[in-house]
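# Geometric and topological summary
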Amino acid sequence: MRLNRLFSVAMLSIIFGGTASAQQPYGGCWHPEHVKNWSPETDKNAKFNRSKVPLAKRFKEPTLMKANKNQFYEGQVCNATILFPTCSSCPSQGANNFLGYQPTYWQYMDKLVYWAGSASEGIIIPPPAPSTDAAHQSGVKSLGQIFFPPYAFGGNQAWVREMLTKENGSYIFAKKLYEIAKYMGFDGWFINQESGGSTLSEWAGFIKEFNALADADGNSHMEIQWYNASGSPSPTILKSHKNTSQFLEYGANGDYRSQASQLGCTEEETFSKIYAGIQVVSSGHTGFGYYLNRSMPTTGHVGSIDLFCPEERIWKDNVKNLLGSDDTGPSAYAAIQKTFKNEEQMWVNQEGDPTVTSTTSWPGISNRVLERSTITNMPFVSSFCVGVGKHRFVEGIKNGTQDWYHSGVQSIMPTWRWWIDCPSGNKKDLTVKINWDDVYNIGSSLSISGKLVANTNYLMRLYKTHILAANGDKFQLIYKKNGNEKLELKVGISENANSFTTFSIDETSKVNGWSVAEVDLSSLNNKTISIIALNIRSESGTSNFSLSLGQLGIIPQNYAPAIAPVKNLKTEKPLTQFGGDLRL
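So, a few notes on the structure that sits alongside this text. Quick caveat: nothing in here was measured; it's all calculated off a predicted structure.

Inspection of the secondary structure puts His285 in the loop between helix H9 (280-283) and helix H10 (289-295). One polar contact links His285 to Gln345, side chain to side chain, over a distance of 2.9 Å. If we skip the residues at most four places from it in the chain, His285 touches Val280, Arg313, Ile314, Asn342, Gln345, Met346 and Trp362.

Pasting the structure below:
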């Protein structure tokens, strides 16, 4: 894939890593010779590049809960996104600026590919650990990149031959790449092979060996995704392992289920093996409706899609003039607000409402893909953090005032953004926005504002869940509101997800200006909670309604989370009287 880099490495090193510092840990960005003998003991940054969040298991509800009639479950979405513009300047644990971007609509993704690397920087790139953490909590696989570029972009067949080196009959780099993925906690690799110098059978053998190691080690979920600019599925590659998938060349959208027998899989499994590429850089983030419809028509899915670098249009267009000079403060805030609006337009739709079945050229991904969820156990707590902040908050207290981003602290955001049931003429009465200024925990909250028509219900569906309730379980909401409007918890039960049990939400205590409400869920004992929703109602109506959601949770009886102990803290190069860098 020919990626036009918009920014220079030098400029991005300034913006994303801060001022050059000897001790700032960065993500890996290597050529083959640097990987052959890699180990966490010899890689000084390795311990800072580990994801510790396991890949969560998603559930498929027995009766699909569709926001609109065009949603189906089968087709998958792989997001091949840059995450950071240059791998050599990707900080291991976020940075102190407001321009970092990470996806937040994980409910519409199945796989994440860290698109990175170049002939000059490095061609073997693990995904950033915080990005893997965020992906994993929502059940999304995270794949690193092995980038063999075309000759015109510095491709070198010597790298290909080195990668396929065998010693004693084994592919030594297959073993090393598995060791890296296992140690750093991600789920495999995307191989972009446009340099030539090899055969499909060689790569099939390489993939078999990688997955044989993973399977034997208990990591049977690991995967290699393959790309070689071909518009046709490769049986040689795809039969190498049950998990192996392929990114087909742009424009190859279509129905490949009939090839299941050639690939040694079922028709259903073709959805997780064959992905048609979509060049979002060229089409724009709302310009690929034609290709979306070819893979995912309104009558049912026939294929899966691989989105190539949507962040070019979602994010980079907004920040390119701010890099290196204006990465914090009002200009950065406006750029990221625009970024989240763009993200909503692509993943949901122009209306920001997954129930809308648009007839325009851009239907939105939510108009085709059923939302996924991993919320099956208690405690489930969300602070509505999107992974970027103006300040750092603890229980409503501002404990830090430095702009920052770190996707590893993202919360699981609401499944539906935003599904508000009300009379059709009142659909636009309420607006939901991310709030970075008035926050309960971490870095952001949700602000719901607008008007309420008297004696009208505004039912806001938030989370799709599959939680078995028990005696003593509680719902907790931490919030602020500016009037006497009535709030209710609406709980859908799996036996009938469109019928709700209603509980009143009343303040039971206050913490630093935030109201805390707890609702006893014992009456739902042994029932499966499938939807968490809020109902908002005003008896007299208002044109100035305001509600902030700071934290929401479903928690077990006697829930008292312990403060995580800090262990084995050490400084590897302590500060001296002359200053220096502190690495903890």
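There's plenty left to go through after this.
Our focus in this paragraph is the packing of helix H11 (residues 311-319) against helix H12 (residues 330-347). Running from amino to carboxyl end, H11 crosses H12 at an angle of 165 degrees, the nearest separation of the two axes being 8 Å. Considering their axes alone, H11 and H12 lie roughly antiparallel with respect to each other. For the pair H11 and H12, the sense of crossing is right-handed. Seen from H11, the contacting residues are Arg313, Ile314, Trp315, Asn318 and Val319; seen from H12, they are Ala335, Ile336, Lys338, Thr339, Asn342, Glu343 and Met346. Taken together, the residues of the contact of H11 with H12 break down into 6 nonpolar, 3 polar and 3 charged.

Moving on: H12. Here H12 is 18 residues long and its end C-alpha atoms lie 26 Å apart, about the 26 Å a rise of 1.5 Å per residue gives. Buried residues of H12: Ala332, Tyr333, Ala335, Ile336, Thr339, Phe340, Asn342, Glu343, Glu344, Gln345, Met346 and Trp347, and no others. Against strand E1 (77-81), strand E11 (304-308), H11, strand E13 (388-389) and strand E18 (430-435) lie the buried residues of H12.

What follows covers the pattern of salt bridges. This structure, assessed with the given rule, holds 20 salt bridges. Between Asp255 and Arg257 there is a salt bridge, and its shortest N-O distance comes to 2.7 Å. Overall, Asp255 belongs to the partly exposed group, its relative accessible area being 41%. The salt bridge partner of Lys510 is Glu507, with a shortest N-O separation of 3.1 Å. On the basis of relative accessible area, Lys510 is assigned to the partly exposed category, the value being 49%. Look at Glu507 and you get partly exposed, because its relative accessible area is 44%. One network of salt bridges, with partners in common, ties together Arg58, Asp110 and Arg372.

If a strand is regular, its side chains alternate between the two faces of the sheet. Burial analysis of strand E8 (residues 223-227) places 5 of its 5 residues in the buried class, which makes it a mostly covered element. Burial along E8 is two-sided: the residues Glu223, Gln225 and Tyr227 and Ile224 and Trp226 are all buried. In terms of strand pairing, strand E7 (residues 188-193) meets E8 through 5 bridges, oriented parallel. Bridge pairing in E8 links Gly188 to Glu223. For the crossover from E7 across helix H6 (residues 200-216) to E8, the handedness is right-handed. Here E8 pairs with strand E9 (residues 245-248) via 2 bridges, running parallel. Among the inter-strand pairings, Trp226 is bridged to a residue of E9, identified as Gln246.

Definitions and limits used
- Residues numbered from 1 in each chain as written.
- Predicted model: local features only at pLDDT ≥ 70, side-chain atom pairs only at ≥ 80, totals over all residues.
- Heavy atoms only, no water.
- Helix = DSSP H or I, 4+ residues; strand = E, 2+ residues; numbered from the N terminus.
- Polar contact = N/O pair within 3.5 Å; in protein donor to acceptor, adjacent residues only side chain to side chain.
- Contact = heavy atoms within 4.5 Å.
- Axes fitted to C-alpha atoms, helices over the stretch in contact; angles between N-to-C directions.
- Parallel < 35°, antiparallel > 145°, perpendicular 65-115°, else oblique.
- Left-handed = near helix turned anticlockwise from the far one by under 90°.
- Nonpolar A, V, L, I, M, F, W, Y, C, P; charged D, E, K, R; others polar.
- Expected span 1.5 Å × (residues − 1).
- Buried < 20%, exposed > 50% of the residue type's maximum accessible area, 1.4 Å probe, protein only.
- Salt bridge = Lys/Arg side-chain N within 4 Å of Asp/Glu carboxyl O.
- Pairing = 2+ DSSP bridges.
- Right-handed = clockwise from strand over helix to strand, strands pointing away.

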